[in-house]
Amino acid sequence: MKKNFSIIFLFALSTLFFSCEHKTTVEHSTTGDVATSPKTDADIQRYNLQVKQQQSGSRTPCDTLSVIEYVLNNYPKGSYLVNFDKTFTFNVPKPAVIYLNSGSNTYVFAVIAKSKPGERLIETKNIVGYDQSFINLDSTHLGTAFFYLTLLRCDNGTFTKIWEAPIPAHGGFNYLVMDKWAYNGTPYVKVDFHYARGIGHIDYNYFFVDGLTNPPHLLMTYKGIDFQRTIANFNNDKFPDYYEYLYYDLPNRIYAADSIPFIWDVKDSVYVNTRNHRQTRPY
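Residues numbered from 1 in each chain as written. Predicted model: local features only at pLDDT ≥ 70, side-chain atom pairs only at ≥ 80, totals over all residues. Heavy atoms only, no water.

(A) Summary view of the confidence of the model for the protein chain. Overall, the predicted model of the protein chain reaches an average pLDDT of 87, with 87% of residues at or above 70. Between residues 1–31, whose pLDDT stays under 50, and residues either more than four places distant or in other chains, the model counts 0 contacts. (pLDDT = per-residue confidence, 0-100. Contact = heavy atoms within 4.5 Å.)

(B) Here's a closer look at the layout of surface pockets. Estimates place the volume of the largest pocket at around 920 Å³. Taken together, 30 residues form the lining of the largest pocket, with Lys 52, Tyr 80, Leu 81, Asn 83 and Thr 124 sitting closest to its centre. Of all the elements in the fold, those that place two or more residues in the lining of the largest pocket are helix H1 (2–36), helix H2 (38–55), helix H3 (64–74) and strand E1 (79–81). By residue number, the principal contributor to the lining of the largest pocket is H2, which donates 6 residues. Partitioned by chemical class, the residues of the lining of the largest pocket number 16 nonpolar, 7 polar and 7 charged. Put simply, the second largest pocket is a space of about 200 Å³. (1 Å grid on protein atoms, 1.4 Å probe; cavity = no way out; pocket = protein on both sides within 12 Å on 5 of 7 lines; lining within 4 Å. Points joined across faces, edges and corners; volume = space filled by probe spheres on them. Helix = DSSP H or I, 4+ residues; strand = E, 2+ residues; numbered from the N terminus. Nonpolar A, V, L, I, M, F, W, Y, C, P; charged D, E, K, R; others polar.)

(C) A look at the state of the cysteines. Inspection of the entire model under this criterion finds 1 disulfide. Two residues share a disulfide in this structure: Cys 62 and Cys 154, whose sulfurs sit 2.0 Å from each other. Given an S-S torsion of about 80°, the disulfide between Cys 62 and Cys 154 has right-handed geometry. Residue Cys 62 is found in the loop between H2 and H3, and its partner Cys 154 is found in strand E4 (residues 145–155); the two are separated by 92 residues along the sequence. Judged by its relative accessible area of 2%, Cys 62 falls in the buried class. What makes Cys 154 buried here is its relative accessible area of 15%. (Disulfide = S-S within 2.5 Å. Buried < 20%, exposed > 50% of the residue type's maximum accessible area, 1.4 Å probe, protein only.)

(D) Spatial organisation of H2. Between its terminal C-alpha atoms H2 stretches 26 Å, which fits the 26 Å expected from 18 residues at 1.5 Å a residue. The complete set of buried residues in H2 reads Asp 41, Ala 42, Gln 45 and Leu 49. Around the axis of H2, the buried residues are gathered within 95° of arc, so they sit on the same side. Looking at H2, the residues exposed on the side facing more than 90 degrees away from the buried face are Lys 39, Tyr 47, Gln 54 and Gln 55. (Expected span 1.5 Å × (residues − 1). Arc of directions from axis to C-beta.)

(E) Up close: a nonpolar patch on the surface. Taken together, the side chains of Tyr 130, Ile 199, Ile 225 and Ile 254 make up a nonpolar region of the molecular surface, amounting to roughly 360 Å² of accessible area. Positionally, Ile 199 belongs in the loop between strand E7 (187–195) and strand E8 (200–207). (Patch = residues over 30% accessible without salt bridge, like charges linked within 9 Å, V, L, I, M, F, W, Y side chains within 5 Å. Areas by Shrake-Rupley, 256 points an atom, 1.4 Å probe, with all protein chains shown as cover. Salt bridge = Lys/Arg side-chain N within 4 Å of Asp/Glu carboxyl O.)

(F) How the structure looks around the sheet that holds strand E10 (residues 228–232). Strand order in the open sheet made by the 9 strands is E6-E7-E8-E9-E10-E11-E12-E13-E14, with antiparallel pairing throughout. Either end of the sheet is taken by a strand with one partner, and the two such strands are strand E6 (173–180) and strand E14 (280–281). As defined by bridge partners, E8 adjoins strand E9 (residues 217–223) across 7 bridges and the pair is classed as antiparallel. Its bridge partner being in E9, Phe 207 is matched across the sheet by His 217. (Pairing = 2+ DSSP bridges.)

(G) Representation of the environment of Arg 229 within the structure. Among the secondary structure elements, Arg 229 is positioned in strand E10. A C-alpha to C-alpha distance of 9.5 Å links Arg 229 and Leu 246, two positions 17 residues apart in sequence. A polar contact is formed between the side chain of Arg 229 and the side chain of Tyr 242, at a distance of 3.4 Å. (Polar contact = N/O pair within 3.5 Å; in protein donor to acceptor, adjacent residues only side chain to side chain.)

(H) Examining the packing of H2 against H3 more closely. Close contact between H2 and H3 brings their axes to 11 Å; oriented N to C, the two are set at 160°. The angle between the axes of H2 and H3 places the two elements in the roughly antiparallel class. Between H2 and H3 lies a crossing of left-handed hand. On H3, the residues touching Ala 42, Gln 45, Arg 46, Leu 49, Lys 52 and Gln 53 of H2 are Leu 65, Ile 68, Glu 69, Leu 72 and Asn 73. Across the contact of H2 with H3, the residue classes tally to 5 nonpolar, 3 polar and 3 charged. (Axes fitted to C-alpha atoms, helices over the stretch in contact; angles between N-to-C directions. Parallel < 35°, antiparallel > 145°, perpendicular 65-115°, else oblique. Left-handed = near helix turned anticlockwise from the far one by under 90°.)

(I) Summary view of H3. Restricting attention to buried positions, one finds in H3 the residues Leu 65, Ser 66, Val 67, Tyr 70, Val 71 and Leu 72. Each element contacted by the buried residues of H3 is listed here: H2, E1, strand E2 (97–102), strand E3 (105–115), E4 and strand E5 (158–167).

(J) Broad picture of the pattern of salt bridges. In this structure the tally under the stated criterion is 11 salt bridges. Asp 258 serves as the salt-bridge partner of Arg 275, at 2.7 Å between the closest nitrogen and oxygen. With Arg 275 in the loop between strand E13 (270–273) and E14 and Asp 258 in strand E12 (residues 254–265), this pair connects stretches of sequence that are 17 residues apart. With a relative accessible area of 52%, Arg 275 lands in the exposed category. Classification of Asp 258 as partly exposed rests on a relative accessible area of 29%. Connected via shared salt-bridge partners are Lys 114, Lys 161 and Glu 164.

Take a look at the structure:
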């Protein structure tokens with residue numbers, strides 16, 4: 001009797017082990033297929049979009065769902081309209097878009113992330129938020145994201161891409177907002193990224209120095225516990241300049257000891273340190 005019971009027990013245990021192992025393999029395979037198969041990912045995106053379209057109430061031309069559909073139909077596979085970071089733990093994140101009416105035209109600013117070709121596809125949950133700013137250290141394991149600020153124009157329910165400006169960051173997206181330069185009222189879009197390593201944030205500011213429909217001018221600003229850069233005006237031209245602050249990090253306190261002006265050099269298309277002209281910055 002004991003012998004029969006042992007045989008039955010061993011058979012049941014081996015069956016359970018095989019079932020668990022098989023289940024794990026299938027789940028891993030499924031996840032791997034989505035991460036490495038652009039077609040599978042696109043099929044999932046289309047299904048999710050269809051569900052949202054069916055569940056939505058009244059629609060308007062060129063609404064957010066239309067932006068998502070435009071990206072899905074016109075961008076390389078593995079591209080996504082990004083969401084804002086969550087303000088609270090349980091709130092629903094909003095898509096990273098800004099609608100602007102100018103004359104008879106409707107424009108849409110959108111933050112779009114593309115996957116690096118040849119790597120696994122990115123997931124938006126890995127590139128948005130405070131903790132996700134660490135992905136800049138080594139993003140290849142989860143796929144490398146390339147962010148773009150894009151301007152779309154709505155023409156009778158159809159989108160036309162006006163320009164696309166790269167955002168030099170790979171993770172930690174927070175939000176975007178439209179603002180005006182205090183000096184002369186030039187409008188610009190600020191794209192904010194978390195910077196967890198410095199306990200701060202980085203802003204990529206796109207100034208429309210030549211009008212809305214021309215590619216913008218990029219100026220990076222930031223603020224953290226021991227670093228800061230702020231927008232300034234030194235030579236009264238249309239391009240913004242900036243102050244770079246020099247911090248002293250002492251055992252008992254951290255403070256800004258000096259501020260260094262950088263001016264935009266139109267000829268060389270770089271920012272130049274006014275105290276050391278050999279030191280330049282691209283944005």
